[in-house]
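Each chain, letter by letter, is given below.
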Amino acid sequence: GELGATWSRWGEHLIPIGTLYDPFVSRALEPWSFGVYAGGQSILIGTPSGVTLAPEGGAHQSISTPSIGLEQPGVVYWEPAFARDFEWALLDTIRTMGQPGGKSTYFRLSTRPLDQSLARVPSDPALRQRRRAHALAGGYRLNDHPAVEDQVTLVGVGAIMPEVLAASAALADQGIKAGVICVTSPDQLFHSMQSRVDVHGDSDGILDALFPPRSPAPLVTVIDGHPHTLAFLSGIRGDRAAHLGVTHFGQSSSLEDAYRLHQIDEPSIVGAALTLLGK
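So, here is what we can say about the structure in this document. (Residues numbered from 1 in each chain as written. Predicted model: local features only at pLDDT ≥ 70, side-chain atom pairs only at ≥ 80, totals over all residues. Heavy atoms only, no water.)

**Looking at the sheet that holds strand 9 (residues 241-244)**
Consideration 1: If you trace the five strands from one edge of the open sheet to the other, you get 5-7-6-8-9, paired in mixed fashion. Every other strand in the sheet has two partners, leaving strand 5 (139-141) and strand 9 as the edge strands with one partner each. Taking the axes of each pair of neighbouring strands and ignoring which way they run, one obtains an average angle of 20 degrees across the sheet.
Consideration 2: Of the strand pairs in this sheet, strand 5 and strand 7 (residues 178-183) are connected by three bridges, and their pairing is antiparallel. Residue pairing for strand 7: Arg 141 is matched across the bridge by Ile 181. (Pairing = 2+ DSSP bridges. Helix = DSSP H or I, 4+ residues; strand = E, 2+ residues; numbered from the N terminus. Axes fitted to C-alpha atoms, helices over the stretch in contact; angles between N-to-C directions.)

This is the structure in structure tokens:
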């Protein structure tokens with residue numbers, strides 16, 4: 001926190017990066033928050049996180065840390081699922097640090113290995129640049145079909161993305177077009193939503209790209225954290241929604257058992273989508 005203030009106090013531009021187990025972010029919050037309040041700009045990385053850390057037991061499984069990221073003033077909260085998204089967000093964070101108007105950043109990460117091909121990063125330069133812009137704005141779609149064709153939209157963030165994509169494929173096998181949105185920063189999307197009612201706001205158009213206003217579809221949001229983190233998304237268009245996440249203390253188990261226990265596994269996501277569709 002103190003190192004983050006060197007740019008304004010001594011004209012020395014540093015890039016402080018602190019790392020800790022995500023469940024212990026709350027222990028570091030008070031001094032870090034004071035540093036942010038005093039104008040400090042730094043990066044805090046909490047990893048590993050969530051019940052994805054199943055074998056280590058409940059004491060090491062974070063639930064409320066996404067709320068801390070969303071609600072802490074002067075801080076932008078990110079939870080990228082894929083390495084490329086993290087790279088883009090980290091570089092953009094460093095670019096804007098140590099100057100007036102800059103902010104601190106909290107990355108909630110995971111040690112779960114993910115198949116990076118699931119990100120389907122476009123090879124075409126123009127499409128890749130569009131993907132990067134959307135990732136930095138808070139999220140992007142992972143579908144071939146247009147958003148207006150969604151019968152239901154699955155919204156995931158962080159380490160849970162493989163289950164979200166698997167649920168989309170399972171729904172497709174039943175003839176249901178399920179859109180998939182990979183959220184990189186719930187914080188960025190929330191501020192975009194807030195800008196719509198702020199006379200001084202400047203909307204970046206990301207919400208219309210992800211949730212076309214004239215094409216409503218039920219939403220299923222999924223996060224390895226408290227489900228209220230993404231609950232605000234249903235207010236963008238007034239969609240019916242089911243919000244899946246972790247609301248109980250974790251337990252020591254296999255990853256599959258932990259996800260099933262907290263109903264953030266593939267069958268639970270499919271079941272929530274079918275319930276919203278009345279099937």
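**Here's the deal with the pattern of salt bridges**
Consideration 1: In this structure the tally under the stated criterion is 11 salt bridges.
Consideration 2: The salt bridge partner of Glu 79 is Arg 108, with a shortest N-O separation of 2.9 Å. Taken as a pair, Glu 79 in the loop between strand 3 (75-78) and helix 4 (83-96) and Arg 108 in strand 4 (residues 104-108) lie far apart in primary sequence, 29 residues in all. Of the two residues, Glu 79 and Arg 108, both sit in the buried class.
Consideration 3: The partner of Arg 237 in a salt bridge is Asp 239, with the nearest N and O atoms 2.9 Å apart. Each member of the pair, Arg 237 together with Asp 239, is buried.
Consideration 4: One network of salt bridges, with partners in common, ties together Asp 22, Glu 79 and Arg 108. (Salt bridge = Lys/Arg side-chain N within 4 Å of Asp/Glu carboxyl O. Buried < 20%, exposed > 50% of the residue type's maximum accessible area, 1.4 Å probe, protein only.)

**Some details on the sheet that holds strand 3**
Consideration 1: Pairing within the open sheet is parallel, and its four strands lie in the order 1-2-4-3. The strands lining the two open edges of the sheet, one partner per strand, are strand 1 (17-20) and strand 3. Across the sheet, the axes of successive neighbouring strands diverge by a mean angle of 15 degrees, strand direction being ignored.
Consideration 2: Note: strand 3 against strand 4, four bridges, orientation parallel. The partner of Tyr 77 across the bridge, within strand 4, is Tyr 106.
Consideration 3: Most of the contacts of helix 4 go to strand 4, to which it runs at about 165 degrees, and overall it touches strand 2 (43-46), strand 3 and strand 4. (Contact = heavy atoms within 4.5 Å.)

**Some remarks on the nonpolar core**
Consideration 1: Counting residues in each nonpolar core, the largest one holds 50 residues, and the members touching the most others are Leu 154, Leu 171 and Val 220.
Consideration 2: Beyond its immediate stretch of four places on either side in the chain, Val 220 contacts Val 152, Thr 153, Leu 154, Val 155, Ala 242, Leu 244, Ile 269, Ala 272, Ala 273 and Leu 276.
Consideration 3: Residues Tyr 106, Ile 181, Leu 189 and Ile 206 belong to the second largest nonpolar core, which totals 27 residues. (Core = buried A, V, L, I, M, F, W, Y, C linked by side-chain atoms within 4.5 Å.)

**Quick look at the packing of helix 4 against helix 5 (residues 125-137)**
Consideration 1: At a minimum axis separation of 10 Å, helix 4 and helix 5 run at an interaxial angle of 65 degrees. In terms of their interaxial angle, helix 4 and helix 5 are classed as roughly perpendicular. As for how helix 4 packs across helix 5, the hand of that crossing is right-handed. On the side of helix 4, the interface is formed by Arg 84, Asp 85, Trp 88, Ala 89 and Asp 92, while helix 5 contributes Arg 128, Arg 131, Arg 132, Ala 135 and Leu 136. (Parallel < 35°, antiparallel > 145°, perpendicular 65-115°, else oblique. Left-handed = near helix turned anticlockwise from the far one by under 90°.)

**Looking at helix 2 (residues 25-37)**
Consideration 1: The terminal C-alpha atoms of helix 2 lie 17 Å apart, and with 13 residues this matches the ideal 18 Å at 1.5 Å per residue to within 8%.
Consideration 2: The sharpest bend along helix 2 reaches about 35 degrees and sits at Pro 31.
Consideration 3: The set of residues buried in helix 2 consists of Val 25, Leu 29, Trp 32, Ser 33, Gly 35 and Val 36.
Consideration 4: Taken together, the buried residues of helix 2 touch strand 1, strand 2, helix 3 (65-71), strand 3 and strand 4. (Expected span 1.5 Å × (residues − 1). Bend = angle between axes of the 7 residues up to and from the residue.)

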